[in-house]
Amino acid sequence: MPEEKASQARGGYFGPYGGRFVPETLMSALAQLEREYRAAMADEGFRAEFERCLREIAGRPSELYFARRLTEHVGGARIYLKREDMNHTGAHKINNTLGQALLALRMGKERVIAETGAGQHGVATAMAAAVFGLRCEVYMGTEDIRRQALNVFRMELMGARVVPVESGQRTLKDACNEALRDWMASVEHTHYIIGSVVGPAPYPEMVREFQSCIGREARRQMLEAEGRLPDLIVACVGGGSNAAGIFAPMIADEQVRMVGVEAGGRSMKLGDHAASLVAGEPGVLHGSLSYVLQDDEGQTAPVHSVSAGLDYPGVGPEHAYWKDIGRVTYTTCTDEQAIDALCLLARTEGIIPALESAHAVREAVRLAAEMEPDQIVLINLSGRGDKDCNEIAEILKRRETKES
Amino acid sequence: MTDLSDNRLVKVFSELRAAGKKALVPFLTAGHPDLQTTEAILIDLERRGVRVAELGIPFSDPIADGPTIQASYTEALAAGVTSQAVLEMVRRWRAGGAGLALVAMVSYSIVFRCRPEVYLRSAADAGFDGLIIPDLPLEEAGNLEPLAAADGLANVMLIAPTTPPRRRVEIARHSRGFIYFISVAGITGERERLPEDTIRAVGELRRHTDTPVCVGFGISNPQMVAAVCEVADGAIVGSAIVRRISQHKDLPTDQLVAKVGEFVGGLLEPIA
């Protein structure tokens with residue numbers, strides 16, 4: 001089984017990374033979650049129900065799409081897109097929220113909470129809560145509420161309460177803090193649906209498993225379309241869930257090169273970007289040991305990205321492990337480059353990617369240009385860009401004013 | 001296991017127990033509103049009869065803390081308080097002859113970043129007697145316990161209302177100095193009354209351990225201190241004190257110190 005290598009989170013650790021650095025109040029809930037998760041994954045009935053939800057609610061499998069005009073434009077390797085943007089609710093996030101909502105039901109919890117940055121995870125959680133009749137509250141920084149007004153409205157339409165977070169930088173990290181605080185007081189009846197491969201064990205492994213449908217499908221679809229696996233897979237990395245989902249099922253296929261793209265923001269000065277793996281150091285944040293952007297004393301550093309979903313000072317511990325063993329290469333893409341890539345994909349393929357996914361598009365295009373025409377590049381197009389249109393319009397307007 | 005019989009925290013609790021007395025453990029955020037004031041409050045509290053105090057090391061993402069303590073951390077960090085500066089303050093305060101037992105409440109993020117062996121050695125050198133690392137549960141504390149013991153520091157561990165019975169006993173076995181018993185599931189912050197379960201649970205725990213048990217989270221007035229000290233060895237009061245410091249932070253230092261002192265004096269009354 002090629003998937004096995006990625007599955008070994010020994011005692012919640014991937015090499016030296018991971019663990020469970022949380023207050024004692026949460027320890028029994030994490031132990032329960034781990035037990036229920038293991039039991040569920042060993043239960044044919046649960047797996048069948050999860051598969052059914054992915055098919056009937058998320059609309060899976062998502063398409064593997066050959067980007068012909070983008071390939072011609074670049075003039076290098078053949079570029080394929082894994083179309084997670086075509087899932088219900090518009091991103092890969094739904095794969096994980098369906099899995100965790102099913103687990104919440106299995107554990108008899110009547111309420112779910114979530115943190116959200118771009119709002120995609122919040123929307124996917126609100127949707128799952130509506131489908132399964134769970135109460136739902138989503139923590140969101142007020143800066144992100146401003147940037148992602150459409151997603152706030154969507155969550156509320158689906159019956160979720162969006163709780164504004166005013167602390168810290170008012171973005172994703174602060175929303176995580178508040179969700180954890182809520183969970184400390186509500187743990188008996190509430191399940192916390194973490195949206196990425198971060199947090200204390202078993203979250204990093206569990207979220208990766210729920211997202212692995214992306215890579216399993218892509219592997220099969222690639223073999224059907226081209227008779228072989230891609231030479232290169234590129235995915236954006238904030239917390240790292242879409243990347244883990246497409247990488248993990250092919251991590252044992254050593255001929256497949258993998259690149260994770262972090263937010264390079266305005267510059268590589270601390271505070272101007274969100275590139276935890278490229279520029280950070282090992283540290284502890286939100287319950288696990290991984291690469292973190294922090295100062296010399298361990299205080300979490302401010303971060304910046306044009307994309308709210310990548311605007312996070314930590315990253316999943318399994319990515320830290322993949323970086324250290326050299327299995328995956330991590331790199332960055334700036335705000336400006338991501339916007340250019342978004343416009344390029346829109347014009348060549350009629351697809352408006354999420355700003356997050358545009359980071360992967362940019363790096364894939366750069367690498368594909370240096371590759372041979374018989375080589376294959378696969379981009380995980382993790383989400384669609386409708387939510388970003390207001391933000392992009394403003395940025396493009398500013399650019400025009402600058403140029404004229 | 002290194003013997004901690006010379007540890008100030010251990011000594012204070014055994015003296016109190018011998019005298020049939022209980023401890024009030026006030027919590028202060030280091031550097032809130034500034035380090036000089038924190039030092040002055042510590043000196044005043046000792047003069048008023050406090051034997052053990054807890055000092056919170058400001059952290060950017062304190063997930064176990066409620067809005068009051070979190071805001072005090074944010075303000076202290078914004079004012080430029082560093083964990084190195086806190087250690088220097090403690091060293092200076094200790095050099096001035098301070099005798100109360102002092103425990104650092106510090107996130108593992110800070111300890112890890114500094115490297116545990118380095119942080120623990122500097123904390124012990126500066127004059128701390130113990131550590132509470134709220135985000136370092138039993139399973140992750142294995143490497144830290146021998147380091148703390150080697151430096152003569154008591155690693156105080158926490159038990160929550162959600163901790164299953166057998167695990168409580170296991171944590172009690174590992175905890176040094178005292179056991180921090182969290183009265184309510186949730187974050188720090190003032191509450192109206194203590195859950196009755198807490199009193200029962202502390203009584204139950206006492207049957208399994210000789211290590212002193214202190215109860216914290218939500219204790220905000222002398223009545224609650226009295227209720228806790230019926231069963232426990234001490235009561236920890238944090239947010240109620242930090243809130244008063246926030247309220248009066250614009251007063252001249254001596255007046256602020258007096259305000260805090262009066263409040264803590266009131267908390268000490270039921271156990272005098």
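Residues numbered from 1 in each chain as written. Chains lettered and ligands numbered in written order. Predicted model: local features only at pLDDT ≥ 70, side-chain atom pairs only at ≥ 80, totals over all residues. Heavy atoms only, no water.

Q: Requested: an account of the overall build of chain B, with residues and values cited.
A: A tally of regular secondary structure across chain B gives twelve helices and eight strands. Expected size for 272 residues packed as a compact globule is a radius of gyration near 19 Å; at 17 Å, chain B falls within 12% of this value. For chain B, the C-alpha atoms occupy an extent of roughly 50 × 40 × 35 Å along the three principal directions. Each of the 272 residues in chain B was classed as buried or not, and the buried ones make up 60%. In chain B, once contacts between residues fewer than 6 apart in sequence are set aside, the share between residues at least 24 apart is 72%. Summing over all exposed atoms, chain B offers an accessible surface of approximately 10,600 Å²; the carbon and sulfur share of this is 50%. (Helix = DSSP H or I, 4+ residues; strand = E, 2+ residues; numbered from the N terminus. Rg over C-alpha atoms; globule rule 2.2 N^0.38 Å. Buried < 20%, exposed > 50% of the residue type's maximum accessible area, 1.4 Å probe, protein only. Contact = heavy atoms within 4.5 Å. Areas by Shrake-Rupley, 256 points an atom, 1.4 Å probe, with all protein chains shown as cover.)

Q: Please set out the sheet that holds strand E8 (residues 190-192) of chain A residue by residue, giving values where relevant.
A: Residue and element names in this part refer to chain A. With respect to topology, four strands assemble into an open sheet ordered E7-E6-E5-E8, the strand pairing being parallel. For this open sheet the edge positions go to strand E7 (161-165) and E8, each flanked by a neighbour on one side alone. This sheet shows a mean twist of 25 degrees between the axes of neighbouring strands, independent of strand direction. Note that strand E6 (residues 135-141) and E7 share five bridges and pair parallel. Within E7, the residue paired with Met 140 across the bridge is Pro 164. (Pairing = 2+ DSSP bridges. Axes fitted to C-alpha atoms, helices over the stretch in contact; angles between N-to-C directions.)

Q: Give a description of the confidence of the model for chain A that names residues and reports values.
A: On average, residues of chain A score 95 in pLDDT, and 98% of them are at 70 or above. Considering only residues more than four positions removed or in separate chains, one finds that residues 1-6 of chain A, a stretch of pLDDT under 50, has 13 contacts. (pLDDT = per-residue confidence, 0-100.)

Q: Give me the lowdown on helix H2 (residues 35-47) of chain B, citing residues and values where you can.
A: All names here are of chain B. Compared with an ideal rise of 1.5 Å per residue, which puts 13 residues at 18 Å, H2 spans 19 Å between its outermost C-alpha atoms and is within 8% of the ideal. Taken as a whole, H2 has its buried residues at Leu 35, Thr 37, Thr 38, Glu 39, Ile 41, Leu 42, Asp 44 and Leu 45. If you follow the buried residues of H2, they end up packed against strand E1 (23-29), strand E2 (52-56), helix H4 (83-95), strand E3 (101-105), helix H11 (239-247) and helix H12 (253-268). You can read the cap of H2 off the contacts: a side-chain oxygen lies 3.2 Å from the backbone nitrogen of Gln 36, and it is on Asp 34. Count one or two residues on from H2 and you reach Gly 49, which has phi positive near 110 degrees. (Expected span 1.5 Å × (residues − 1). Polar contact = N/O pair within 3.5 Å; in protein donor to acceptor, adjacent residues only side chain to side chain.)

Q: Can you explain the pattern of salt bridges? Please cite residues and give values.
A: Residues and elements named next belong to chain A. Going through the model one piece at a time under the given rule, you end up with 56 salt bridges over all chains. Notably, a salt bridge pairs Glu 49 with Arg 52, separated by 2.9 Å at the nearest N-O pair. One end of the pair is Glu 49 and the other is Arg 52, both in helix H2 (residues 44-58) and three residues apart, which spans about a single turn. Between Glu 178 and Arg 181 there is a salt bridge, with the nearest N and O atoms lying 2.6 Å from each other. Remark: Arg 181 and Glu 178 occur in helix H8 (residues 172-186); sequence separation between them is three residues, near one turn of the helix. Via salt bridges that share partners, Glu 143, Asp 144, Arg 146, Arg 147 and Asp 311 belong to a single interconnected network. (Salt bridge = Lys/Arg side-chain N within 4 Å of Asp/Glu carboxyl O.)

Q: Tell me about the interface of chain A and chain B, and please be specific about residues and values.
A: In this assembly, 33 residues from chain A lie in contact with 36 residues from chain B. Across the chain A/chain B interface, buried area totals approximately 2,800 Å², and carbon plus sulfur atoms make up 51% of it. When residues of chain A are sorted by the area they lose upon contact with chain B, Glu 24, Arg 181 and Glu 297 of chain A head the list and together hold 27% of the total. Salt-bridge contacts for Arg 113 of chain B lead to Glu 281 of chain A; the nearest nitrogen and oxygen are separated by 3.5 Å. At the junction of chain A and chain B, the tally comes to 20 residue pairs in polar contact (both at pLDDT 80 or more). Examining the composition of the side of chain A that touches chain B, we find that seven residues originate from one element, H8 of chain A, more than from any other. (Buried area = accessible area lost by both parts, 1.4 Å probe.)

Q: Give me the lowdown on the packing of helix H14 (residues 335-349) of chain A against helix H15 (residues 355-369) of chain A, citing residues and values where you can.
A: Residues and elements named next belong to chain A. Put simply, H14 and H15 touch, their axes get as near as 8 Å, and they point 85 degrees apart. Taken as axis vectors, H14 and H15 run roughly perpendicular relative to one another. Contact residues: H14 offers Gln 337, Ala 338, Ile 339, Ala 341, Leu 342, Leu 344 and Leu 345, while H15 offers Leu 355, Ala 358, His 359, Val 361, Arg 362 and Val 365. When its residues are assigned to classes, the contact of H14 with H15 shows ten nonpolar, two polar and one charged. (Parallel < 35°, antiparallel > 145°, perpendicular 65-115°, else oblique. Nonpolar A, V, L, I, M, F, W, Y, C, P; charged D, E, K, R; others polar.)

Q: Could you give an account of unusual backbone geometry, naming the residues involved and the relevant values?
A: It is generally the case that most residues other than glycine have a negative phi and that most peptide bonds are trans. Following Arg 60 of chain A, the chain continues into Pro 61 of chain A via a peptide bond in cis, with omega recorded as 0 degrees. Mapped onto the elements, Pro 61 of chain A comes out in the loop between H2 and strand E3 (64-66). A cis amide bond, omega 5 degrees, links His 32 of chain B with the succeeding residue Pro 33 of chain B. Among the structural elements, Pro 33 of chain B can be located in the loop between E1 and H2.

Q: Which residues make up the nonpolar core, and what values do they have?
A: Core analysis: the biggest nonpolar cluster contains 195 residues, and Leu 98 and Phe 247 of chain A together with Phe 128, Phe 178 and Tyr 180 of chain B have the highest contact counts within it. Top contributing element to this core by residue count: helix H1 (residues 24-41) of chain A, with eight residues. With residues near it in sequence (within four places) discarded, Leu 98 of chain A still touches Phe 50, Cys 53, Leu 54, Ile 57, Ala 58, Met 127, Ala 128 and Phe 132 of chain A. With 41 residues, the next largest nonpolar core counts Ala 67, Ala 301, Leu 355 and Leu 381 of chain A among its residues. (Core = buried A, V, L, I, M, F, W, Y, C linked by side-chain atoms within 4.5 Å.)

Q: So, the environment of Ile 233 of chain A: which residues are in play, and what are the values?
A: Residue and element names in this part refer to chain A. The topology assignment puts Ile 233 in strand E9 (residues 232-236). Residue class for Ile 233 comes out buried when judged on its relative accessible area of 0%. Setting aside residues no more than four positions away along its own chain, Ile 233 makes contact with Ile 246, Phe 247, Met 250, Val 256, Arg 257, Met 258, Val 259 and Leu 378.

Q: Tell me what's going on with helix H5 (residues 120-132) of chain A, and back it up with residues and numbers.
A: Residue and element names in this part refer to chain A. Over its 13 residues, H5 runs 18 Å from end to end, which matches the ideal 18 Å to within 8%, given 1.5 Å per residue. H5 sits mainly inside the fold: eleven of its 13 residues count as buried. All of the buried residues along H5 are Gln 120, His 121, Gly 122, Val 123, Ala 124, Thr 125, Ala 126, Met 127, Ala 128, Ala 129 and Phe 132. The inward-facing, buried residues of H5 abut H2, helix H4 (93-106), strand E5 (111-116), E6 and helix H7 (149-157). Gly 133 sits one or two residues past H5 and shows a positive phi near 70 degrees.

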